[in-house]
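# Chain and residue survey
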Amino acid sequence: MPRLVRLAVTTPLRPDPLEVEAARGAAERHGLPYVARDGRGLSRVVAEVGAEAALVLSAGRAVLSSGGAEHAWSPGMGALRLRRYLDARAGRAADPTARDPFLDAAGIEPGDAVLDCTAGLGADALVAAAAAGPRGLVLALESSRALAAWTGEGLRRFPAEAARRVEVRCADHLEHLTWSSSTPCSARPAPSPAASRWCAASPTRGRCPQRRWPRPGGWRAASWW
Ligand SMILES: C[S@@+](CC[C@H](N)C(=O)[O-])C[C@H]1O[C@@H](n2cnc3c(N)ncnc32)[C@H](O)[C@@H]1O
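Residues numbered from 1 in each chain as written. Predicted model: local features only at pLDDT ≥ 70, side-chain atom pairs only at ≥ 80, totals over all residues.

## Quick word on the overall build of the protein chain
Each helix and strand counted, the protein chain has 8 helices and 9 strands in total. Counting the 225 residues in the protein chain, one finds 34% classified as buried. At a minimum sequence separation of 6, the contacts of the protein chain that also span at least 24 residues come to 63%. (Helix = DSSP H or I, 4+ residues; strand = E, 2+ residues; numbered from the N terminus. Buried ≥ 20, exposed ≤ 12 C-beta atoms within 10 Å, placed from the backbone. Contact = placed C-beta atoms within 7 Å.)

Okay, here's the thing in structure tokens:
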């Protein structure tokens, strides 16, 4: 994967109005410049704001374009792991011994809030969101702004329902954990809608910011964000 520092957000050559609006919204969400495509080649779009690469957002895809090469976001093996997990949960496992070592080790249960400290392309976050189920959620931290934007926008366009429960945020995990354990709830920005829903139903309700409680096999930690 190329090392990306400065990214501009734009659309395909002939976007519809919804794609323009979505790309503008994405740029704002990720703190990146939006550049109107205006029928131009990507090198001109990128040069307009002194960027090194473009994140081209259409209705169905988040494509990273750098140095003439294009990479459509995909969770890679995450898609296969997700399908295997969902098949096994529904009793349709082709191979009943096929397990996901990450899920086995993490012991994620329905309703859990999961903090993924190294989001990358979001494969682990995606399978964690599936295991956490409809009442759970995943906050995925990624220190590279370009990668956070690419993965965040890719997941927004990924059809699996579990992807709706992953929030990708550009942050350094150590800074986030330090902030999370030392900042009282009253001094924090409003949580995302998914985090508010989870917090309202969580066993730590009203006792933020950070709690640990015993569970079979070890401690479970919760952090409100
Ligand atoms: C090996 S990848 C993670 C792969 C990911 N778990 C997946 O399923 O696709 C590691 C990622 O962690 C990010 N990273 C490294 N240090 C970090 C930090 N201090 N805070 C947040 N993200 C970090 C890197 O930019 C990189 O994208």
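## Some thoughts on the packing of helix H3 (residues 77-89) against helix H5 (residues 123-132)
For the pair H3 and H5, the least separation of the axes is 8 Å and the interaxial angle reads 15°. In terms of their interaxial angle, H3 and H5 are classed as roughly parallel. H5 is crossed by H3, and the crossing has right-handed handedness. Listed contacts from H5 to Met77, Gly78, Arg81, Leu82, Tyr85 and Leu86 of H3 are Ala123, Leu126, Val127, Ala130 and Ala131. (Axes fitted to C-alpha atoms, helices over the stretch in contact; angles between N-to-C directions. Parallel < 35°, antiparallel > 145°, perpendicular 65-115°, else oblique. Left-handed = near helix turned anticlockwise from the far one by under 90°.)

## A closer look at the nonpolar core
Side chains of a nonpolar character, in soluble globular proteins, are inclined to be buried together. One finds Ala8, Ala54, Leu55, Leu126, Ala129, Val138 and Val166 to be the most contacted residues of the largest nonpolar core, which totals 52 residues. A per-element tally of this core places H5 first, with 9 residues. Shared between two domains, this core takes at least three residues from each, and those domains are domain 1 (7-72) and domain 2 (77-223). If we skip the residues at most four places from it in the chain, Ala54 touches Ala8, Thr10, Leu42, Val45, Val46 and Ser65. (Core = buried A, V, L, I, M, F, W, Y, C linked by C-beta atoms within 7 Å. Domains from an automatic or database assignment.)

## A look at the environment of Ala130
Mapped onto the secondary structure, Ala130 falls in helix H5. Along the sequence, Ala130 and Ala163 sit 33 residues apart, while their C-alpha atoms lie 8.1 Å from each other. When near neighbours in sequence (up to four residues on either side) are disregarded, Ala130 contacts Leu82, Tyr85, Leu86 and Ala162.

## Some words on the pairing of strand S6 (residues 137-142)
With respect to burial, S6 is a largely interior element, 6 of its 6 residues being buried. Here S6 shows two buried faces, one formed by Leu137, Leu139 and Leu141 and the other by Val138, Ala140 and Glu142. Relative to S6, strand S5 (residues 113-116) runs parallel, the two being bridged by 4 bridges. Across the sheet, residue Ala113 finds its bridge partner in S6, namely Leu137. Between the parallel pair S5 and S6, the chain is carried across by H5, and the sense of this crossover is right-handed. In the sheet, S6 pairs with strand S7 (residues 166-170) via 5 bridges, with the strands oriented parallel. Looking at the pairing, Glu142 lines up with Cys170 of S7. Taking the sense of rotation as the criterion, the β-α-β connection linking S6, helix H6 (residues 145-157) and S7 turns out right-handed. (Pairing = 2+ DSSP bridges. Right-handed = clockwise from strand over helix to strand, strands pointing away.)

## A short note on the pairing of strand S1 (residues 7-10)
Burial of the side chains of S1 extends over both faces: Leu7 and Val9 are buried on one face and Ala8 and Thr10 on the other. As paired strands, S1 and strand S2 (residues 53-57) are joined by 4 bridges and run parallel to one another. When the bridges of S2 are listed, Leu7 appears paired with Ala53.

## As for the sheet that holds S5
Taken together, 3 strands build an open sheet; the order of strands is S5-S6-S7 and the sheet is parallel. Two strands close off the open sheet at either side, each with one partner strand: S5 and S7. Averaged over neighbouring strand pairs, the angle between their axes works out to 15° when direction is ignored.

## Let's talk about the sheet that holds S2
The pairing of strands in a sheet comes from backbone hydrogen bonds and takes either a parallel or an antiparallel form. Read from one edge of the open sheet, 4 strands run S1-S2-S3-S4, paired in mixed fashion. Two strands bound the open sheet, and with one partner strand each, they are S1 and strand S4 (69-72). Neighbouring strand axes in the sheet, compared pairwise and without regard to direction, differ in orientation by 25° on average.

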